[in-house]
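Listed here are the chains, written in short residue letters.
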Amino acid sequence: MNRFIFPIFFGGILLIAAMCLMLFQQMQTEDVAKADGDNSDDKEISVEATPGGSQATTGMAFALKMMWEDLTGSATVRPKVSLKDLAPSDPEGWFAADYRTADGEEITQTKFSRNPIVKTGTNTLLEDFDDAANGVGNAIVRHYMRGSQRIAFLMYVPDQYNRNTVRGGMMAAISSNISFTSDIIGGGKTDIFALHHGVPFRQADPYSRSGSSGIKVPVDYRVFTADVGRVFIIKILTNASDAAVAEVMKAIPMADLIARLPEPDPHLLISTTFQTYTDDLPREAPAPTIARKAYLLVNTRLDYSVKSKRLLDSMVSGNFKSWEDVFDHHGTALSYPQEIRDLLGPIPELSPLEEVSYTAKGLLEGQTVWTDTEERILSAMWGVHRTAKERKDMDRYIKDGDVLADEVIRLIRLMPETYDAAAATSVALPESTVSASELVIRRGTKIGQGENTFGNCTIELGVRRCVVGGTE
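Please read these numbers as outputs of a predicted model, since none were measured by experiment.

So, on to the packing of aromatic side chains. Applying the stated criterion across every chain, the model contains six aromatic pairs. An aromatic cluster of three or more residues is present, and its members are Trp 323, Phe 327, Tyr 358 and Trp 382. Directly above the ring of Tyr 207 sits Lys 216, whose terminal nitrogen or CZ lies 4.6 Å from the centroid. A cation over a ring is seen here: Lys 307 above Tyr 336, with NZ or CZ 5.0 Å from the ring centre.

Taken N-terminus to C-terminus, the directions of helix H3 (residues 101-108) and helix H4 (residues 121-133) make an angle of 150°; their axes are 9 Å apart at the nearest point. By the angle between their axes, H3 is roughly antiparallel relative to H4. The two elements H3 and H4 meet at a crossing, and its hand is right-handed. Contacts from Thr 101, Gly 104, Glu 105 and Thr 108 of H3 reach H4 at Thr 122, Leu 126 and Asp 130. Its residues assigned to classes, the contact of H3 with H4 shows one nonpolar, four polar and two charged.

Looking now at the side chain of Thr 332. With respect to the helices and strands, the residue Thr 332 is situated in the loop between helix H11 (323-330) and helix H12 (338-342). Setting aside anything within four residues of it in sequence, one finds Thr 332 in contact with Trp 323, Phe 327, Arg 341, Ile 347, Tyr 358, Thr 359 and Gly 362.

Attention now moves to helix H10 (residues 306-316). Burial in H10 covers these residues: Ser 308, Leu 311, Leu 312, Ser 314, Met 315 and Val 316. Where H10 is buried, its residues meet strand S8 (207-209), strand S9 (216-218), helix H9 (290-300), H11 and H12. Two residues or fewer past H10, Gly 318 is found with a positive phi of approximately 90°.

Our next topic: the nonpolar core. Within the largest apolar cluster, 40 residues are counted, with the highest numbers of intra-cluster contacts made by Leu 312, Met 315, Met 381, Met 394 and Val 408. Among the elements of the structure, H9, H10, H11, helix H13 (352-365), helix H14 (372-381), strand S13 (403-405) and helix H16 (406-414) are those that each provide at least two residues to this core.

Here we take up unusual backbone geometry. Phi at Gln 109 takes a positive value of approximately 55°, unusual for a residue other than glycine. Along the chain, Gln 109 turns up in the loop between H3 and H4. At His 197, a residue that is not glycine, the phi angle is positive and equals roughly 55°. Relative to the helices and strands, His 197 is located in the loop between strand S6 (191-196) and strand S7 (199-203). Given a relative accessible area of 14%, His 197 falls into the buried group.

Let's shift gears to the confidence of the model for the chain. Detailed reading of predicted coordinates is not advised where the pLDDT is low. Here the chain averages 75 in pLDDT, while 64% of its residues score no lower than 70. A low-confidence stretch, residues 29-53 stays under pLDDT 50, and its non-local contacts, those more than four residues away or across chains, total nine contacts. Predicted confidence is poor over residues 178-189, with pLDDT under 50, and the contacts of this stretch with residues over four places away or in other chains come to four contacts.

Right, let's talk about the sheet that holds S7 for a bit. Pairing is antiparallel in the open sheet, where eight strands are placed in the order S2-S3-S4-S11-S10-S7-S6-S12. The open sheet has two edge strands, strand S2 (95-98) and strand S12 (274-276), and neither has a second partner. The average undirected angle you get between the axes of adjacent strands in this sheet is 20°. In the packing of H4 onto the sheet, contacts are made with strand S3 (139-146), strand S4 (149-156), strand S10 (222-228) and strand S11 (232-238), and the angle to S11 comes to roughly 115°. Against the sheet, helix H6 (residues 242-250) contacts S3, S4, S6, S7, S10, S11 and S12, and its axis sits at roughly 40° relative to S6.

Each packed pair of helices is defined by two parameters, the angle between the axes and the distance between the axes. Running from N to C, H11 and H13 point in directions that differ by 60°, and their axes come no closer than 8 Å. Accordingly, the angle class assigned to the pair H11 and H13 is oblique. Where H11 abuts H13, its residues Phe 327, Asp 328, His 329 and His 330 lie against Tyr 358, Lys 361, Gly 362 and Glu 365. Each residue belonging to the contact of H11 with H13 can be placed in one class, and the counts come to two nonpolar, three polar and three charged.

Analysis parameters
- Residues numbered from 1 in each chain as written.
- Predicted model: local features only at pLDDT ≥ 70, side-chain atom pairs only at ≥ 80, totals over all residues.
- Heavy atoms only, no water.
- Phe/Tyr/Trp six-rings, centres within 6.5 Å; stacked < 30°, edge-to-face > 60°.
- Lys NZ or Arg CZ within 6 Å of the ring centre and 35° of its normal.
- Axes fitted to C-alpha atoms, helices over the stretch in contact; angles between N-to-C directions.
- Helix = DSSP H or I, 4+ residues; strand = E, 2+ residues; numbered from the N terminus.
- Parallel < 35°, antiparallel > 145°, perpendicular 65-115°, else oblique.
- Left-handed = near helix turned anticlockwise from the far one by under 90°.
- Contact = heavy atoms within 4.5 Å.
- Nonpolar A, V, L, I, M, F, W, Y, C, P; charged D, E, K, R; others polar.
- Buried < 20%, exposed > 50% of the residue type's maximum accessible area, 1.4 Å probe, protein only.
- Core = buried A, V, L, I, M, F, W, Y, C linked by side-chain atoms within 4.5 Å.
- pLDDT = per-residue confidence, 0-100.
- Pairing = 2+ DSSP bridges.

Have a look at this one:
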C-alpha cells in the first residue's frame with residue numbers, strides 16, 4: 001500500500017508547490033509591470049524579472065512548470081491526418097501485395113531481429129517497415145514485385161512536437177536549428193534522384209551503420225526518402241532498377257498530399273511535374289557496388305598485404321569508386337592482386353602520355369627493386385610535374401647504353417615523339433596487345449613476352465634488364 005500512497009502524496013506536494021511558485025511569480029511580474037506602466041510615457045509596458053533571489057525563483061518555477069506539463073500533457077502530439085487511399089497505384093507489370101517481414105529480409109539480404117541489442121541501420125529500417133505492417137503508428141506500407149526485383153514502400157505521419165509545452169517547444173527549436181545547420185553545411189544530405197511536385201526524393205548513401213561500433217558496412221539495397229512538408233515521410237526500400245523506382249514514385253498522389261499540408265511551401269504549390277535526374281533511366285537492377293565487393297574481399301581473405309588492405313579500405317569507404325580515383329594515388333595499380341584491380345573494371349582509354357605516366361606510377365608502387373637509373377626514369381615520367389614528356393627526353397639513356405628493365409624500355413617506346421598539351425588528355429592510345437597482368441614482375445621469373453628485341457638481356461634481382469644502346 002505504501003508504494004502507492006507515498007508517490008501520490010509526493011506528487012501532490014509538488015503540484016501545490018508549483019502552483020504557489022507560479023502564482024507568486026505572476027504577482028511579482030504584475031507589480032513590476034504596473035510600476036513601469038505608471039512611470040512610462042508611451043503605451044508599451046516592459047516586464048522584467050526582479051533582481052536578486054527572484055531569478056532563482058523564476059528558474060525553479062520554470063523547472064516545475066516543465067515537470068507539470070510533462071505530467072499533464074505530452075511533448076509530442078499525433079496529427080489527425082488520414083492516409084486512406086494515398087498509397088501509390090500499382091505500376092504496370094508489377095504485382096502488389098501487403099508487406100511481410102520476409103520481403104524486407106529478401107531485399108536487404110539480412111535477418112530482421114526484434115532484439116533490442118541489435119542496433120544497425122538495416123535492422124532499424126526493417127523495424128520501421130515491420131511496425132507499419134503490424135499497425136503501429138499512422139502509416140501505410142506496400143510491397144511491389146516483378147521477377148527478382150522488389151520495392152517496399154512506406155509512408156507515415158510522424159508525431160509533431162507540442163509547442164504548447166516547454167519541452168515540446170524546446171525540442172522543436174532544437175530540431176529546427178539542426179535542420180538549418182544541416183542545410184548550410186550539407187550534413188545528412190544525399191543525391192536527389194527525382195522531384196515530384198517540387199518534393200525531392202533523395203537516395204541515401206549505401207551504408208548501414210552499426211549502433212555499437214559506428215562502423216559503416218556497404219549494402220547492396222537502396223533507400224530513397226522524401227519529406228512532404230514535415231507531415232508525410234516516405235521511404236522506399238528496393239533492389240530494383242532506377243526506372244522501376246521512378247514508376248512507383250510517379251504513382252504517389254503527391255498533389256493530394258500537398259493539399260493536406262497545413263502550411264505548404266510556395267514552390268510545392270507551383271510545381272506540378274515529375275522529373276528524374278536523367279530521362280534515360282537504367283532498366284536493369286544495379287549490380288553490387290565496388291564498396292560492397294571490396295568489403296567482402298577484405299573481410300574474407302587473410303592473404304592480402306597491408307598495402308592491398310589499405311586500397312580495399314579506401315574502396316569500402318567510398319573514396320575510390322573508379323579508376324579515375326585510383327590513378328593519382330596508385331597509377332595503374334600493377335603491383336596489386338588482379339582481383340582487386342578487377343573491382344574497378346576495365347582501364348579507360350588514356351592518351352599516350354597518361355598511359356606512360358600512370359603505368360610508371362604503378363611500377364614504382366610495386367615491390368620490384370629498381371636501379372637508380374630506372375627509378376629516376378620512372379619518376380621523371382610520373383606526375384603532374386613530370387620532366388619527361390617526349391621520347392627525346394629519354395634518348396640519352398638509350399644512347400648511353402644503360403641496362404634497363406623491359407618495362408622501362410616499353411614505356412620509353414610508348415612516349416610521344418612530340419608533346420602536345422592540348423591533345424595530351426584527348427588522344428586515345430591504340431589498344432595494346434600486352435595485358436596488365438603480363439607486365440607484373442615476379443622475382444626470379446621472366447616476363448613471358450618472347451624474345452627481347454632491344455638488345456642483350458639478363459635477370460638481375462628478379463628483374464629482366466636489357467642493354468638498349470652503346471657500343472657493340
